[in-house]
Amino acid sequence: MADEATLSAAQFSFDQELTLDDIDDQEYNIPTLDELPTLESILSEVESDDDLLIDDHHILDTGVRGAVSSGGGWTMKGTPTSSLCDEPIGHGTPPNSERYSMHGNLLQQQAYSSSQGSLESINISNVDMGVQRSHDMKRYERQIGPSPHGSVVRHAVLKRASTQLASAVDRIDAGMATAMSVGRVIVVGMSHGTALVFNSNQTLKYCLGNPGSEYGAVSALAVGTDSTRLLVGFAKGQITMWDLTSGKLIRTITDAQPPGYGVIQLAFTDDSALAYCSNSGGSVFELSFKRLIGVRTCDSRCLFSGSRGEVCAFEPLLVSRGNVKDHPLSRMTILALATLTKVIIVITKPKVKVLFAYPLNGTPESLPLLCWQFVVIQTSTENRIVDPVLAFARDQKINFFQLDTQNVDSIKFVQLQSIDFPYSLIGMSWLNSRTLLTVDTHEKVHVVDIRTDDELEFIGLDQVELVYGTSHFKSVATGGNVSKAFETAAGQACYGSMVTQGNQLLLLGKKAIHTLSLRTWEERIRYLIKQEKHRDAINLALSFYEGNAKAVVGLTGSVSKRRQDISDLVIEVLFSFVERTRTHCPDHGSLHTLLSFYEGLVPLCIDTCLTLARSDILFDRVYPLFCTDPVANSVFLESLTPYILSDRLRFVTPLIMRDLIENYESKGLLEYVEECIPHLDILSLDIHQVVTLCWKYGLYDGIIYLFNQGMGDFLTPLEEMVRHLESAMKPGKPLSRIEMKLGNKLLVYISCGLTGLRYSGGDLPYEQATKVGKDFLEYILCYNGKERKRDWQAYPHLRTLLHFNTREFLNVLAIAFDESLSSVGFQSKQVLVNTLLVVMVESVGFTPHEIGSLFTFLARQVAKESNTIRIDQTVFDQVLEYLTSNSENSMPEEREQALLELMNSGALVNYNEDLLLTMAEGAKFHRVCELIYGRQRKFDKIICCYCKDELRKRDIFTFIANVAKLCSEEERQAVVKQIMSSLEDIIAIDCQKSAEMALFDLNLNLNDVTIRLKPRPETLFHFLTGVLEARESRLSFTNKDIEAPHPQLIEMYIDLMCGYDPESVTKFLQTNDLYRLEETTLICRKRGIKDAVAFLLEKAGNVRGAFEIIHNLVKENMKRLSQDEQTDRSQRDKRSRNLETAVEFCQRNSKKVEDQEMETMWFSLLDTVVAPQRSTRSDLDPSDIVSESKEYMKHVLSSMMGFVRLPTILQKIMQDTAYTTGQFGEVKDLISSMLSTCKYEETLLTIMNNLMTNDTFWSFSNLHSALRRGVTSEDGRCCICSKHNSASTQTDGVVIFTCGHSYHERCLGSVGYFTVGEGGADTIWSCYLCTCGMQGGMDQPGPTPDGEPPTPSTSTDPPLPRVKKQPKELVQLSEMQIQALTILRDTQRPPSAAAAASVGGSNARTTPRPWDESTQKPGGKNSILSHETFNLRLAPSRNELAS
């Protein structure tokens, strides 16, 4: 049949061929047709890529999995890095390419979608091609996000195999698909215990097993590497082996693992006699298949026990699939294991050895993933190795590790890189060494470029209905005896539904088998063409050409061959696109519409041809398509300009150049032609044509380029340009814009020629530069010129340049004089200077300003260290006279700078300094005067210079600070005198720096300065402001004590502030305390600063007087509110500020006065803000007044609630007519807030009461527990006589301290460590050892020589003298001791207030009570504690006595 799937020659072909039986239309879902299609309809139908989605001829690529790609890998320089190696076939950025990051969101995708060319979206995509998709085609339509890489992956459905799979469900009761494995065949396991085997033609070859098998559902499958053996694992734990060549059962293995666990994964190694399996208990077993004397056996060995952590997945390294001969790992068997917490790599052959372990992190619902790939690793620029790379992942992160095989005896794992994704993974697969497929939990496939971490494409799998192995992971068939971790993660188990074979991924769905594979580069381009996206197809093809594309498949051969293949296809697509687009060109509409149309098409054609380096195609085939249409021709020619200016297009044909010039000439834009000419290859130009045109239209850049580059002539452009300029310059006639442009270009050209530079950029060769410079000088200094006119003058060329712009031409000469590579030698400089003097000074025709420019030029040349120019003294005097002339129109800054350079160079060393000073003062050259005064050490005069120099005024403070350290006392006095005379000007510059200068640099007496400035009070105010600011600034940066200003000075400043800045008086008083209260109060009263007076009275303790002033201010403002100023915004702000001040005052002083006076203050303030509601004028709108007054009243009431009793406030509100006349709703919010405040305070009081109760209870409980706690001796012996405590008599007791030390009463009494209470009633004992340790080293009395304790003194003996103990120095505790004390203190601390409050005042305690704790009974059978006559006296320790 025509739709029968066949294999291409590049794919693997089976030995046996398929014999086809009669085909059932229903089985293969062949639709019936009412009418047979005609040949014409078939040929006219547009081929759609959806055919590939239904039935693909390349569905089963049986190429070797893990085959090494020659174009990708990781690069290692010494050690591996995270970048991938590539062999680019070009470099650069593809046109209009946009990077789509894997971390991008939908907005980025939409941005790409909206960024495509307007031409295609308007003229092409809207064309209805008449393609109608059938319902079946839409079923498996791919959900692909827009990507600049085009469609990277081909999603196909194995339709024939899927149809037979669905048929098997009904025919043989096979059940649902559960697992899949792929080799040279496709094997699908079913839920009723059978396995369906399909060959490469998707034909059902075998049905292995019997439906309804006692082993349960097929849970795992494994096809051998040679596709001759098949392992089938079952949910109940059994394994069967089948021969795929005959379909016969070879082995039934029932004892490979412990019973009660299902098989969840199977895999063969390179050795078909060795395989691995894992079960639902997390264990991994090695299966060795043998055949002895015709008997097939299977030996099972446990490699990893699930008791040490359940293995969720494993993956053997198949070296045979690496296509590498004699690989070092071919003699080993390596297995990767993944648990929920780590990845383990082990060698199982020749002996078991753990190579590597790495931790895994992720959510409990995620499972680990593993896959191997052989990759080319570039160790240097020449050497490459092929090593396996393991990709393992869990949740949102993939790690890549290289198995380094350079030393087989010491295999190492080297981390290459890691990728974090914004989604969780349930599957991943290598498609080649640079491309990875990942599947997220939403069943979307993401194509990821590993080298750049970019997501190239994503495909939705909503229609696939992926099969999950959840029931097998939970081991439902064996009773669900799995761990909680396995059960939690089982929901994402789909290991058996995603199988990688070669460079494709096969997916097992509930109803069909799907395959994902990379498209070849040509398929990706043609797929875009079928979708009418020619522009995207061209851009993608150019990215292939430049080597910037990703996931490239199918490009083989050398770089030149690859480029040639791509170039041929791109040109084909380009012309197809152009022809198709031109057919949809709008035949009517405005000029703007046509321009938009061609501007979207032409640049693409030009860029494509230039990228392919096919300018012949551009000019010979593309241009003729557009030259016939005037609009298209104009757009094409103008689109060439940016490519010419960027040097991408260096060659154009004479025809194109002619059309380009004519096009810009018709539009009056020949300056674009002038810009383009220097960027074109001279050999591509018709020099005669272009030169004629350039002279005709004045394209001087083109002229210079053509003569310099084309003919090596540098002098002719200079001669012609000077001639044109000379003819244009006529007395009384201003130059036009074009003539000014000519003159400026001429000066630049002369500058380049004299300094050895090319006009178009770059340096001239030395010999050529020397010749060009010499020719230029000879021409400029030519005495006669070529043509003598009637008004001839000497040096005509030099005069022309000087008359055009004297200053700029002299600047050109100055640059040439300074340039080290200049062609102007010492002799030439002197000749040029002499000629300038002759032309400009000794003759007429130049203005004083032009002559002054010459003198400035000469002065700066003479001032140079390497100067060799000599000029006459008379001329030098003229130069000085000009430089010091008082002419405002002759650039005084430049003249002053030139004079300074002369003075610094020593050229004026013999000149009369006083005369020069007089001249400089007349010219107002302050820097020159400063230089002369500095040499004369007249520092006071320099201060005058700074004060007069507007540009350097602020530098005076730095100068004074430096001079104060270096000058003598006499000079210092002169400086001080000058400063005092200029003090007002200095203060005007910066008052703070002036104060710093006076206080810290010169140590001036403030009283003297104050007296001098007293006639100028405003200046004095600014100076005192600077004094205080300077003092505060110095205090903040230094720790030195600075003498405070006298209070009288502060009060003088306050008086001045009241006049010049009254708004800042109160703030100053609040932040400063250097004034006297009474005197300052009088000043503020006199000046009428009421808020300042109120503050001072409050500070003095006169709360009532301060309140009266503040209250009166509020009254005045409220009175204005009730009159005529309620709508003034500034007045309202002022009222708010005054009221806020009054409220803050009342809050601050409520605790300082009696309750009665406090209530009087608050209610007086409340009456004041309520007053406007009672006395509103009838001619005013009362709404604004009443609302503002009520706002103020609410503010006062809410502020006074914390100070005045709430019942009193409520009574006042209810008695006020302002509220009783209104509605209850007006006071509802206020009363509610008051009640809420009351409730809050009540709750707060309850909580605090509970806190205090709990704290008291806790304290008494601890004290009670401490008093009831028993004490025992450390060793049951007296610490003085060392005898056992039982040795005491009936009259003699034992004293035991809480520190654990015990003593006989008579021993402790003998050393005097007791105190008798008043009246001799109580005896208070002290621990001897502890007291000695605290007091430091007292000698301990030992027993007597006969072993008896020391005899205590009798009552008749005189009392022993008490030794006066010397106080011991305090001991510094170490950090460890302090930490131990802190821990001890924290353990004894009561519970926090917050913890107590959280219990809501409950007295119940959850902690066990101290007295309920069981205690061990101290002592033993022979202990003194068991004697009936034992008399125990507890004595407090020394610390308890101290407390």
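What counts and what doesn't
Counting restarts for each chain, with residues numbered from 1 along the sequence as it is written. Per-residue local features are limited, in this predicted model, to residues with pLDDT of at least 70; the limit for side-chain atom pairs, both in listing and counting, is 80 or more; totals at the level of whole chains, interfaces and linings are taken over all residues. Side-chain measures were taken over the full set of non-hydrogen atoms in the model, leaving aside hydrogen atoms and water. Per residue, pLDDT captures the predictor's confidence, and it can take any value from 0 to 100. By definition, residues are in contact when any of their heavy atoms lie within 4.5 Å. A pair is scored as a salt bridge if a Lys or Arg side-chain nitrogen falls within 4 Å of a carboxyl oxygen belonging to Asp or Glu. Helix and strand labels come from DSSP, where a helix needs a run of H or I of at least four residues and a strand needs a run of E of at least two; each type is numbered from the N terminus. Only protein chains enter the area calculation, which uses a 1.4 Å probe; residues under 20% of their type maximum are buried, those over 50% are exposed, and those in between are partly exposed. Pairs of N or O atoms within 3.5 Å make up the polar contacts considered here, provided that, within protein, one atom can donate a hydrogen while the other can accept it, and that residues adjacent in sequence are counted only when both atoms are side-chain atoms. The criterion for strand pairing is that DSSP finds at least two bridges linking the strands in question. Here an angle of 0 to 180 degrees is reported between the N-to-C directions of two axes, which are lines fitted to C-alpha atoms, with helices fitted over the stretch in contact. Each Phe, Tyr or Trp ring (for Trp, its six-membered ring) is paired with any other whose centre lies within 6.5 Å, and the angle between the two planes then decides the class: stacked below 30 degrees, edge-to-face above 60, tilted in between. Each angle gets one of four labels, with under 35 degrees taken as roughly parallel, over 145 as roughly antiparallel, 65 to 115 as roughly perpendicular, and the rest as oblique. Here a crossing is called left-handed whenever its near helix is offset anticlockwise from the far helix by less than a right angle, and right-handed whenever the offset is clockwise. Side-chain classes are defined by residue name, with Ala, Val, Leu, Ile, Met, Phe, Trp, Tyr, Cys and Pro counting as nonpolar, Asp, Glu, Lys and Arg as charged, and the others, Gly among them, as polar. For a helix, the expected span equals 1.5 Å multiplied by the residue count minus one. Cysteine sulfur atoms are paired as a disulfide whenever they fall within 2.5 Å. Residues enter a nonpolar core if they are buried and are Ala, Val, Leu, Ile, Met, Phe, Trp, Tyr or Cys, with the set joined through side-chain atoms within 4.5 Å.

S.K.: Please clarify how the confidence of the model for the protein chain should be interpreted in this entry.
M.R.: A low pLDDT means the predicted coordinates there should not be read in detail. Confidence in the prediction for the protein chain averages 76 pLDDT; 77% of positions are at 70 or higher. Confidence drops under pLDDT 50 across residues 75-146; counting only partners more than four residues distant or on other chains, this segment forms 171 contacts. Per-residue pLDDT stays below 50 along residues 1336-1369; that stretch engages in 35 contacts with residues further than four places along the chain or on separate chains.

S.K.: Got a minute to help me understand the pattern of salt bridges in this structure?
M.R.: Any two side chains of opposite charge can pair if their charged atoms end up close together. For the structure shown, the criterion picks out 37 salt bridges. For arginine 229, the salt bridge is made with aspartate 243, and the minimal N-O distance between the two is 3.4 Å. Of the two residues, arginine 229 sits in strand S9 (residues 229-234) while aspartate 243 sits in strand S10 (residues 239-243), which places them 14 residues apart along the sequence. One continuous salt-bridge network, built from bridges that share partners, spans Glu522, Arg526 and Glu572.

S.K.: How should I be thinking about the side chain of threonine 1168 in this particular structure?
M.R.: Relative to the helices and strands, threonine 1168 is located in helix H44 (residues 1155-1174). According to the relative accessible area criterion, threonine 1168 is buried, its value standing at 7%. Here the side chain of threonine 1168 touches histidine 1111 through a polar contact of 2.4 Å, side chain to side chain. Excluding residues within four positions of it along the chain, threonine 1168 makes contact with His1111, Val1114, Lys1115 and Met1118.

S.K.: I keep staring at the sheet that holds strand S26 (residues 444-449) and nothing clicks. Help me out?
M.R.: Note on sheets: strands pair through backbone hydrogen bonds, and any given pair is parallel or antiparallel. The strand order across the open sheet formed by 4 strands is S24-S25-S26-S27, and the pairing between neighbours is antiparallel. Edge positions in the sheet fall to strand S24 (425-432) and strand S27 (454-460), since each has one partner strand and no second. Each adjacent strand pair in this sheet contributes to an overall mean axis angle of 20 degrees, direction not counted.

S.K.: What should I look at first to understand the pairing of strand S7 (residues 204-208) in this one?
M.R.: A regular strand carries its side chains on alternate faces of the sheet. Summarising the sheet, strand S6 (residues 195-198) and S7 pair through 4 bridges and their orientation is antiparallel. For leucine 196, the partnering residue across the bridge sits in S7 and is cysteine 207. Hairpin connection of S6 to S7: 5 residues between the antiparallel strands, including glutamine 202 at a positive phi of 65 degrees.

S.K.: Explain the packing of aromatic side chains to me, please; I cannot follow it from the model alone.
M.R.: Within the structure shown, the criterion is met by 32 aromatic pairs. Here phenylalanine 268 and phenylalanine 289 contribute two aromatic rings whose centre-to-centre distance is 6.4 Å and whose plane-to-plane angle is 45 degrees, an arrangement assigned as tilted. Of this pair, phenylalanine 268 sits in strand S12 (residues 263-268) while phenylalanine 289 sits in strand S14 (residues 284-292), and the two are 21 residues apart along the sequence. Phenylalanine 268 sits in the buried class, given a relative accessible area of 5%. Their ring planes at 45 degrees and their centres at 5.8 Å tell us that phenylalanine 817 and phenylalanine 857 sit as a pair that is tilted. One end of the pair, phenylalanine 817, is in helix H24 (residues 806-818); the other, phenylalanine 857, is in helix H26 (residues 848-862), and 40 residues separate them in sequence. In this pair, the class of phenylalanine 817 matches that of phenylalanine 857, namely buried. Connected via pairs of aromatic rings, a cluster forms that spans Phe356, Tyr358, Phe392, Phe401 and Phe413.

S.K.: Would you mind going over the packing of helix H9 (residues 521-530) against helix H10 (residues 534-546) with me for this structure?
M.R.: Packed helices, taken two at a time, are described by the angle between their axes plus the distance between the axes. Interhelical geometry of H9 versus H10 gives an angle of 165 degrees and a closest axis separation of 7 Å. Regarding the angle of H9 to H10, the classification is roughly antiparallel. For the pair H9 and H10, the crossing hand works out as left-handed. Note on element contacts: H10 touches H9 through His534, Asp536, Ala537, Leu540, Ala541 and Phe544, opposite Trp521, Arg524, Ile525, Leu528 and Ile529. Looking at the contact of H9 with H10, its residues break down into 8 nonpolar, 1 polar and 2 charged.

S.K.: Help me understand the pairing of strand S25 (residues 435-440), please; the structure alone is not making it clear to me.
M.R.: Here S25 lies mainly inside the structure; 6 of its 6 residues are buried. The pairing of S24 with S25 spans 6 bridges and is classified as antiparallel. Each residue of the ladder has a partner; that of methionine 428, found in S25, is threonine 438. The antiparallel hairpin formed by S24 and S25 contains 2 residues in its connecting segment. Relative to S26, S25 is paired through 5 bridges, and the arrangement is antiparallel. In the sheet register, threonine 435 faces S26, and the bridge partner there is aspartate 449. Two successive antiparallel strands, S25 and S26, enclose a turn made up of 3 residues, where glutamate 443 displays a positive phi of approximately 60 degrees.

S.K.: Can you walk me through helix H28 (residues 892-905) in this structure?
M.R.: An α-helix turns once per 3.6 residues; consequently, residues spaced three or four apart project the same way. When the terminal C-alpha atoms of H28 are compared, their 20 Å separation across 14 residues agrees well with the 20 Å that a helix rising 1.5 Å per residue should span. Among all positions of H28, only Glu894, Arg895, Glu896, Ala898, Leu899, Leu900, Leu902 and Met903 are buried. Just downstream of H28 lies glycine 906, where phi reads positive at about 90 degrees.

S.K.: In this structure, what is going on with the sheet that holds strand S30 (residues 513-518)? I would like to understand it.
M.R.: Pairing within the open sheet is antiparallel, and its 4 strands lie in the order S3-S30-S29-S28. This sheet does not close on itself; its edge strands, each paired only once, are strand S3 (153-157) and strand S28 (498-501). Averaged over all pairs of adjacent strands, the angle between their axes in this sheet comes to 20 degrees, without regard to strand direction. One ladder, built from 5 bridges, connects strand S29 (residues 504-508) with S30; its direction is antiparallel. Opposite leucine 505, over in S30, you have leucine 516 as the bridge partner.

S.K.: Even after reading the chapter, I still don't get the packing of helix H23 (residues 796-804) against H24, so can you show me in this structure?
M.R.: Two elements in contact, H23 and H24, have axes whose closest approach is 5 Å; the angle formed by their N-to-C orientations is 115 degrees. Where H23 approaches H24, its residues Leu798, Leu801, Leu802 and Phe804 are matched on the opposing element by Thr806, Phe809 and Leu810.

S.K.: Is there a simple way to explain the side chain of arginine 535 in this structure?
M.R.: Relative to the helices and strands, arginine 535 is located in helix H10. Polar side-chain contacts of arginine 535 include one of 2.8 Å to the backbone oxygen of glycine 600.

S.K.: Would you explain the environment of glutamate 719 in this entry?
M.R.: In this structure, glutamate 719 sits in helix H20 (residues 715-728). Look at glutamate 719 and you get buried, because its relative accessible area is 17%.

S.K.: Would you take a moment to explain the state of the cysteines for this structure?
M.R.: Each disulfide is one covalent bond, formed between the sulfur atoms of two cysteines. One pass over the structure, following the stated rule, counts 0 disulfides. With no disulfide of its own, cysteine 1278 has cysteine 1281 as its nearest cysteine by sulfur position, at a separation of 3.7 Å. Judged by its relative accessible area of 3%, cysteine 1278 falls in the buried class.

S.K.: Would you take a moment to explain unusual backbone geometry for this structure?
M.R.: Excluding glycine, residues mostly have negative phi values, and the peptide bonds linking residues are mostly trans. In the segment running from lysine 349 into proline 350, the intervening peptide bond is cis, with an omega of 15 degrees. The backbone phi angle of serine 227 is positive, close to 60 degrees, even though this residue is not glycine. Its place among the elements puts serine 227 in the loop between strand S8 (218-223) and S9. Positive phi outside glycine occurs at serine 475, with the angle close to 55 degrees. Residue placement: serine 475 occurs in the loop between helix H7 (470-473) and helix H8 (484-489). Residue classification places serine 475 among the buried residues on the basis of a relative accessible area of 2%.

S.K.: What should I look at first to understand the environment of lysine 1119 in this one?
M.R.: Inspection of the secondary structure assignment puts lysine 1119 in helix H42 (residues 1103-1121). According to the relative accessible area criterion, lysine 1119 is exposed, its value standing at 52%. Sequence separation between lysine 1119 and alanine 1171 is 52 residues, and the spatial gap between their C-alpha atoms is 8.3 Å.

S.K.: Explanation requested: helix H41 (residues 1090-1100) in the structure shown.
M.R.: Within H41 the residues assigned to the buried category are Ala1092, Val1093, Ala1094, Phe1095, Leu1096, Leu1097 and Glu1098. Contact partners of the buried residues in H41: helix H39 (1065-1071), helix H40 (1077-1087), H42 and helix H43 (1129-1149). Just past H41, the residue glycine 1101 takes up positive phi, approximately 100 degrees.

S.K.: I tried to follow the nonpolar core on my own but got confused; where do I start?
M.R.: It is characteristic of soluble globular proteins that their nonpolar side chains tend to be buried jointly. By size, the foremost hydrophobic cluster in this structure holds 231 residues, and its most contacted members are Phe626, Phe636, Leu640, Met657 and Leu1069. Of all the elements, helix H11 (residues 559-582) adds the most residues to this core, at 9 residues. If we ignore the near neighbours within four places in the chain, the residues touching phenylalanine 626 are Val578, Tyr598, Leu601, Val602, Cys605, Ala632, Asn633 and Phe636. One finds Ile334, Phe374, Phe401 and Ile411 within the second-largest nonpolar core, a separate group that totals 23 residues.

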